Structure formats: C-alpha cells, structure tokens
Amino acid sequence: MADFDTPVLKPYPVIPPIEIGSMAHSKPYVAKPDIQGKIGFPGELIDNWQQVAIDKMGELVDNSRALRVFLDSCVKCGACTDKCHYYLGTSDPKNMPVARQDLFRSVYRRYYTAAGKYFPGLVGARDLDQDVLDEWYSYFHQCSQCRRCSVYCPYGIDTAEISMAAREIMDTVGVGQKYCNEIIGKAQTIGNNLGLPQPALLNTLEGLEEDIEDETGVTVRLPLDQHGADILLVTPSADFFAEPHVDGLIGYAKVFHQAGLSWTISSHASEAANFGMFIGSYDNMQVLAQRIREAALELGVKRIVFGECGHAWRVAYNFLNTLAGPFDFLDPNYPMPQHICEVTYDLLQRNALRMDKSANDDKVLTFHDSCNVARASRMGNFEGGQFVIPREVIKASCNHYYDMPSDAIQEATFCCGGGGGLLTDDLIELRVKGSLPRMEALKQAVDDHGVTHMAAICAICKSQFSKILPYYGMEMDQIVSVHQLVSDAIQLGGDH
Amino acid sequence: MSLLTIAFTLLFYFAALVLIIGLGLRIRLYAKTPAPLRIPTTPAPLTTAGVVGRMFFEVTLFRSLFKANKWIWIFGWLFHAALLLVLLRHLRYFTDPVWSWVALMQPLGAYAAFVMIAGLAGLWARRFLVDRVRYISSPSDHLMLALLIAIGLSGLGMKYVAATDIVAVKAFFLGLMYFDWQPIPGDPLLMLHLVLVAVLMIIFPFSKLLHAPGMFFAPTRTQPDNAREKRHLPTRAATRQAS
Ligand code: HEM
Ligand code: SF4
Ligand code: SF4
C-alpha cells in the first residue's frame, strides 16, 4: 500500500522504547502562496522570519493564560510520555507530549525567560533557526490536538494549545499547511470545506430525499435555505456525500421528520467544521463562526443544532458564543447550540420516536468517543453527558452493544489518528501508525465480544477509519455513523 | 558582627525578597493574562464550587497523576507530603514561643525528611532508568533534584551526625524577622544547608518550581464547564468579516 509497515496489533498495549528520529521525515505539503494569501498569511517564508516569529510568540503568550502557565509549569515528570497515540504508534520520542511542548518551550525560554537567556544549555533553551522551524513543521503536524495528554498531566497542560500556537506562528511567517489552509479558504468564500456551491448542495439534498422515498416510501424532506424554519442544522459537509457520513445525515432528517420539527440547512453556513481552530487562528475561526450567526439571522431560525462532528462540536459548544455571540435572538428554552444526539436523546426519553432495534441485528456495536467531544465539550446537562448520551442513542437503535476496554474510551479515548487537520493523504503513514492504540482496543472488543461495527460521531473519525481499517485487515464499512443506526431503526410514519 | 553573619543576613534578605517579589509578579502576570476561550478539559465540573473540589483533589492527592502513572505518583506524592511536613517542622525556628501543634509534630517531621529523600531518589532514578524520562530531562531537571536531596541530607546531617547550635540558629532567624540581627554559628554543615536553601528560594520564581502557583491558573482545570449557560466574554474584537 505504501512504503512503510503497518504496525502489528498486539494482544495488550505495550509502551514502545524510544526510536529517535523515526518520524522526522513526516511532513505535510506546504501551502502555496495563493492559499496563504486568501486567509491573511504571507505566501512564503518571509525575510525577517525569525524576528517576526519571536514577536508573534510573545504576543500569543501575552494573550493566553493557558500558554503562559503551561510553558512555565511543566516539571518534566514524564506522566504524559506514554499517553499520545502518535508516540505509541511511531516510537518517535518527539511525539511524547512533553517533548512536543519542548520544541516550543525551548525557543520560548531562549527569548522570554531569564534562565534561557543566560543559561540556555542548562534549561534546554534553543535559538530559533531553520532546523528548529523544520522540526516544528514536522512535529506540530504530528499532533491531532486530541487533549489526551492534558487529562493525565498533573497541571492539565494541554499540548493541543501549544500545537495551535506553533501552527499560528508558522502561518504568520509564511509556512502554512496546504490541507488545512486550502479548506479554510473554501469554507470562508463558498461556505463549506468541499467548496460545494448552493446548486450542487440543492441537487445532493434532493437526491437524498429521493433515496429515502425509494427505500421507505415516506417523503422525508432535507430543506435548504428555508426561511422561517425553527431549526438551523449545521453539519460537516462530508455528511452531504461521504460514506458513512451521509447515512447519518439521513438519520437526522428522519428524526426531525418523525418528531415533526421544522428545520433547514443553510448554504451560507453549510459547514460545521472549523479548521481555523486547527491552525490556532482566532481570526479565521471567527470568520467561520460569524457565517453561522449570519445564516441563523438571515433564515430567522429559533434554534441551532449541530450534526455529528467532533472538533466542530467543540468550537460550537465552547467557542461559538464567544466568537459570534450573543445569540439572544434564539429561543432561550433550548441550549445554544444543541447537538443532534441531544435532540434524538431527548425525543427518545419522551418516547417520541418508535425504534425497531432488530433492524440492526446484523451488527454488534461499539462506540468510538471522539476526542473533541470527550475531552473538550459536553452533551446534556450533567458532567460526562457526552459519554452517556451517544451510547444511549446507539443502545436505543440496536440490541448488541459493547464498550472497548476502559483505558481507551470516554476521557481516556484514543484519537482516530486523523484529527487536528492531519486527515490528508500526504500524512498517511502518520495516520496509520497513530491509529494503532484505537485499532488494538477495537481488536480487543472484536475478540472478546464479537464486535462487528464501530460507531462514531465525527466526520474526521469516520473518514479516517474508512481509510485505515483496511491497513489493519478490517473492512472500511465497519465504521458507521451513530445516526445511521438511528436511521435504520427508526419507524417512519404513523402517529407522532 | 562577624563577616559571616553579615553575609548570611544579606543573603537571606535577598533570597526572601527575590522569592516574594518574583512569585508575586509571576502570579500577577498569570492572573492578568487573558483567557480568550473556554477550554476546560472535560468532563469538568459545571460550577465554580465543583471546580474548587476538582482542584482540591488535584492539589492534595495529585489525582490526575494517579490516573497517569503509579510510580511517579507514589514517589512524587510522598516527596511533596514529606516536604510539607518538613517545612511545617521548620516553623519552630521562626516562632517564639513555638506553636503547640508545631511542637507536637516534631518527631513526625524528623521521619518525613527520610521519606522526602526517598521520594526524590525514586524520581531521580526514573530520570536514568526510564528511557522516555531520560530523553526529556535537561541538566536543570537533574540539578533540581540534586539540590533538594542535598538540602535534605545536610539537614539530616545536622540532626544525626554533626549537631549544630539550634538555639543560636533560631536566634539568627528571629533576628532577621525582627530586624535585631544575631550572630550565626559557623558550622560547615549549617552553612551548606542554608546556602542551598537560599539558592532554592532564589531560583524558585525562575524555574519549573512555578508549577506550584501555575496549577491554580491552568484554564484546562480551573474553568467550569458552563459555556452554553454563561457566555464567555471575548477578550478580542472581531478583526475581519466573512466574505
Ligand atoms: C501547591 C503546592 C505543590 C503542588 C500541588 C505540587 C505538585 C507537584 C506534582 C503533581 C509534581 C509532579 C510529580 C512529581 O514529579 O513529583 C511535582 C513535581 C515537583 N515538585 Fe511540586 N508541587 C507543589 C509545591 C512544590 C514545592 C514548594 C517544591 C519545592 C520546593 C516542589 C518541587 C517539585 C519538584 C522538584 C518536582 C519535580 C520532581 C522531578 O524532578 O521529578 N513542589 N509537584
Ligand atoms: S494533544 Fe493528543 S496528539 Fe497532541 S501531544 Fe497530546 S496526546 Fe498527542
Ligand atoms: S505530565 Fe505535564 S508536567 Fe509532566 S512532563 Fe508531561 S507536560 Fe510536563
């Protein structure tokens, strides 16, 4: 398949010994000048880049308590060293969270701390030169910003924050990552990551309506730009055509239909994903967030509901209100925003949906907690609701459900290997190796419980698993959308 | 007053000033630095009271570290708990009359010194034995452990090997506190112990020892999870508009 070996699945997790430099060659494609220019960054490495980068670092630290405290606090205890899936899958010590932070911290110390100015060797401080920049480009694109390290660090140090800052500094001096920055540009001008214009979107949705009608005999609408609808659904654009995402979208439509809710998709904000977060760019994140506000105002909706997407839910749940709020024009009786799983869960609680679990009897299911839902947001009105609610929705849709081992789910969940803006073919080796811990946990559930399918609530996770499951000898369609299960089990028509 | 006494008097005033002012400025900086977005590591408590509870277990029991790694936890927790006892035991040099609970805990404090050194030794051993931890250790990480162990050993040395005149030591420190300077005994072990302690105080605000105040400011742990209920106000204005 490619010029690297897929790791062997071991019967139990093993912490590998370090192999220095084993992933130093991994680098995503660099963004071309036109891509950079579109989203407000220099086209290529600028002349006085060192000084600009150092100044930018100072500016970022001055404006982020997290960065400031994290850069000072690490005691090098080593608790995080075996927590990153990229370290576990690649053995490269620079993929240990603390070592990744140190790529940044070493430069920060050199220019911004007394210890690093006067005793650089003692505290591991380094000048920012081309080698350091190359190392940054490589290893800050080997972090999926999954926050697993921050769960275990005694001070809650979140390497994701540092990766985001590093990427923003690199963008500021003209070194951007093609995959992320190209997508941000498309979402900002066209409205979604795929660059689907309104007519194409309309076409797709109509096609889906026909498919549903052919299959079930019931007319289920997927409205676009419908003024006066109650609910604006913002969903990752992969839901419009990718497998198994689109089956999830059909599931949302059936839920809305069956509950009698009026809803619409917007072509102006036809994207839940917000890749601005991955590159640490507040400004770019805000531009995308504003589009959602604009769409909600324009269409006159009362509620905003998000489809299945991990980082999108983080941005929506935690940041949207700050970036584009206040949303006081929406109905205050509903959370702003709401997750589609919350909507379905509430309806199930009220017995408002009829489910035939046996529709999924051909499957034995497990659930992959997506990082950004598990460790960076919540569902429901109680702590840990993000673990309970999707599982309850799944269990309401099938008869056979088992969890993976406890050190690989909920807050301890492992990244799919493709999050954080790394879901690109130029990083396929990293993606395959980084999914090792998840694949081992899945294998365990397969062996112990006969699990056949894994459900997920994230567009990136779904695409990543479709791609890498075959590397590990499994089938690409073993990954399913949570609302795909709902879609299969929900009974349409009748009284509601 | 002997030159020695003058030197130590000045050294301790200097060290105390650096520690207090340095830490104060750093803490002020932490408090003043804006937190632009809500970033609690979830699941997180929904209320501020819940956050206080979360932090209580982090500070007293190192709860996250416990989840992460039992070896680091056992050595690290023993070291810190023992350090606390040792520090409390030292209050007898700064209070007159000695508070009764400080007097009562003296024997405990003496054992704590051994535990502290054992904990430090365990942490240091990991820096050599575990390849991952060896890889992330800088010279300063080794020196910090060496410094703390040296402080502990020189302290124990005065208790079990070459006793010093602790009545005079106490007079010296009370003198520092009340600006009524007293001579310091010239024992080599005491000199060593005190110089090392002064070094520790001076480097505190410039080193990773900032983890102690820092952990109270980490947004990942100290923010409640209530972004939907309460709008986290932006610290920055919108800069660009969507096209
Ligand atoms: C609020 C008070 C404090 C808390 C909650 C705290 C917590 C921790 C934790 C959780 C660790 C990581 C585990 C370990 O390696 O032990 C650590 C490491 C460390 N702490 Fe503290 N600490 C505090 C105060 C102090 C003070 C006052 C000192 C020294 C005078 C200190 C010295 C150290 C050192 C040297 C390490 C690194 C040990 C190593 O090299 O592995 N701590 N601390
Ligand atoms: S955030 Fe995730 S990917 Fe990044 S260093 Fe931490 S554990 Fe690894
Ligand atoms: S767990 Fe936290 S303090 Fe310990 S080495 Fe990792 S980042 Fe540093």
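*Asks:* Which residues make up the overall build of chain A, and what values go with them?
*Replies:* Helices and strands together make up the secondary structure of chain A, namely 22 helices and seven strands. A globule of 496 residues ought to have a C-alpha radius of gyration of about 23 Å, and chain A, at 22 Å, matches this closely. Across its three principal directions, the C-alpha atoms of chain A cover 75 × 50 × 40 Å. Counting across all 496 residues of chain A, residues that qualify as buried make up 66%. Look at the contacts in chain A between residues 6 or more apart in sequence, and 80% of them connect residues 24 or more apart. Total accessible area on chain A stands at roughly 16,100 Å², and carbon and sulfur atoms take up 50% of it. Considering chain A, the positive charge centre built from 42 side chains and the negative charge centre built from 63 side chains are found 6 Å apart.

*Asks:* I'd like a description of the sheet that holds strand S7 (residues 479-481) of chain A, backed by residues and values.
*Replies:* All names here are of chain A. The parallel open sheet is built from three strands, whose spatial order is S5-S6-S7. The two strands at the open ends of the sheet, each matched to only one other strand, are strand S5 (365-368) and S7. Going across the sheet, the axis of each strand differs from the next one's by a mean of 40°, ignoring polarity. Note that strand S6 (residues 453-456) and S7 share three bridges and pair parallel.

*Asks:* So what's going on with the coordination of the iron atom of ligand 1? Which residues, and what values?
*Replies:* Residues and elements named next belong to chain B. Coordination sphere of the iron atom of ligand 1, protein contribution only: His80 (NE2) and His211 (NE2), at 1.9 to 2.0 Å. Around the iron atom of ligand 1 sit six donor atoms; with metal-centred angles ranging over 83 to 180°, the donor geometry is octahedral. Here histidine 211 lies in helix H11 (residues 211-214) and histidine 80 lies in helix H4 (residues 70-89), a separation of 131 residues in the sequence. Judged by relative accessible area, which is 13%, histidine 211 ranks as buried.

*Asks:* I'd like a description of the site of ligand 3, backed by residues and values.
*Replies:* Near ligand 3 there are 13 residues, and of these Cys74(A), Cys77(A), Gly78(A), Cys80(A) and Cys153(A) occur at the shortest range. Residue classes in the shell around ligand 3 are distributed as 10 nonpolar, two polar and one charged.

*Asks:* Explain the nonpolar core to me, using residue names and the numbers behind them.
*Replies:* Residues and elements named next belong to chain A. Counting residues in hydrophobic clusters, the biggest one holds 202 residues, and the most contacted among them are Phe104 and Trp136. Looking at this core element by element, the count peaks at nine residues for helix H15 (residues 310-324). Taken domain by domain, this core gets at least three of its residues from each of domain 1 (36-176) and domain 2 (185-489). When sequence neighbours within four positions are dropped, the list of residues in contact with tryptophan 136 reads Met57, Leu103, Phe104, Val107, His141, Ala166, Ile169 and Met170.

*Asks:* An account of the interface of chain A and chain B is requested, with residue identities and associated values reported.
*Replies:* At the junction of the two partners, chain A supplies 91 residues and chain B supplies 64 residues. When the two sides are added together, the surface that chain A and chain B hide from each other amounts to roughly 6,200 Å², 54% of it contributed by carbon and sulfur. Of all residues in chain A, Arg65(A), Tyr282(A) and Thr322(A) bury the most surface against chain B, accounting for 11% of the area lost on that side. Between the two partners, chain A and chain B, sit five salt bridges. Between Arg26(B) and Asp72(A) there is a salt bridge, and its shortest N-O distance comes to 2.8 Å. On inspection of chain A and its partner chain B, the count reaches 36 residue pairs in polar contact (both at pLDDT 80 or more).

*Asks:* Which residues make up the pattern of salt bridges, and what are the values?
*Replies:* All names here are of chain A. As enumerated under the stated definition, the model contains 31 salt bridges over all chains in all. Measuring nitrogen to oxygen at the nearest pair gives 3.2 Å for the salt bridge that ties aspartate 102 to lysine 76. Separated by 26 residues along the polypeptide, aspartate 102 in helix H5 (residues 97-112) and lysine 76 in the loop between helix H3 (65-73) and helix H4 (85-90) bring together distant segments of the chain. Here the two residues aspartate 102 and lysine 76 agree in accessibility, since each one is buried. Linking lysine 462 and glutamate 308 is a salt bridge whose minimum nitrogen-to-oxygen distance equals 2.6 Å. Note that lysine 462 is positioned in helix H21 (residues 459-468) and glutamate 308 in the loop between strand S3 (303-306) and H15, a separation of 154 residues in sequence. On the accessibility criterion, lysine 462 (0% relative accessible area) is buried. Given the relative accessible area of 0%, glutamate 308 is considered buried. Several salt bridges converge on common partners, so that one network encompasses Lys56, Glu59 and Glu168.

*Asks:* Please give an account of the site of ligand 1 that cites residues and values.
*Replies:* Taken together, 23 residues surround ligand 1, and among them Tyr155(A), Gly76(B), His80(B), Arg127(B) and His211(B) come closest. The site occupied by ligand 1 is bordered by residues of chains A and B. Between Tyr155(A) and ligand 1, the recorded distance is 3.3 Å, taken from a side-chain N or O atom to a nitrogen atom. Secondary structure elements with two or more residues in the shell around ligand 1: H4, helix H6 (106-129), helix H8 (139-160) and H11 of chain B. Broken down by element, the residue count for the shell around ligand 1 peaks at four residues, all from H4(B). Residues belonging to the shell around ligand 1 are distributed by class as follows: 18 nonpolar, three polar and two charged.

Cut-offs and rules
Residues numbered from 1 in each chain as written. Chains lettered and ligands numbered in written order. Predicted model: local features only at pLDDT ≥ 70, side-chain atom pairs only at ≥ 80, totals over all residues. Heavy atoms only, no water. Helix = DSSP H or I, 4+ residues; strand = E, 2+ residues; numbered from the N terminus. Rg over C-alpha atoms; globule rule 2.2 N^0.38 Å. Buried < 20%, exposed > 50% of the residue type's maximum accessible area, 1.4 Å probe, protein only. Contact = heavy atoms within 4.5 Å. Areas by Shrake-Rupley, 256 points an atom, 1.4 Å probe, with all protein chains shown as cover. Lys, Arg positive; Asp, Glu negative; His and termini not counted. Charge placed at Lys NZ, Arg CZ, Asp CG, Glu CD. Pairing = 2+ DSSP bridges. Axes fitted to C-alpha atoms, helices over the stretch in contact; angles between N-to-C directions. Donors = N, O, S within 2.8 Å, 3.2 Å for Na, K, Ca; no water. Tetrahedral: all angles 85-135°; square planar, octahedral: opposite > 155°, others 65-115°. Near = heavy atom within 4 Å. Nonpolar A, V, L, I, M, F, W, Y, C, P; charged D, E, K, R; others polar. Core = buried A, V, L, I, M, F, W, Y, C linked by side-chain atoms within 4.5 Å. Domains from an automatic or database assignment. Buried area = accessible area lost by both parts, 1.4 Å probe. Salt bridge = Lys/Arg side-chain N within 4 Å of Asp/Glu carboxyl O. Polar contact = N/O pair within 3.5 Å; in protein donor to acceptor, adjacent residues only side chain to side chain.

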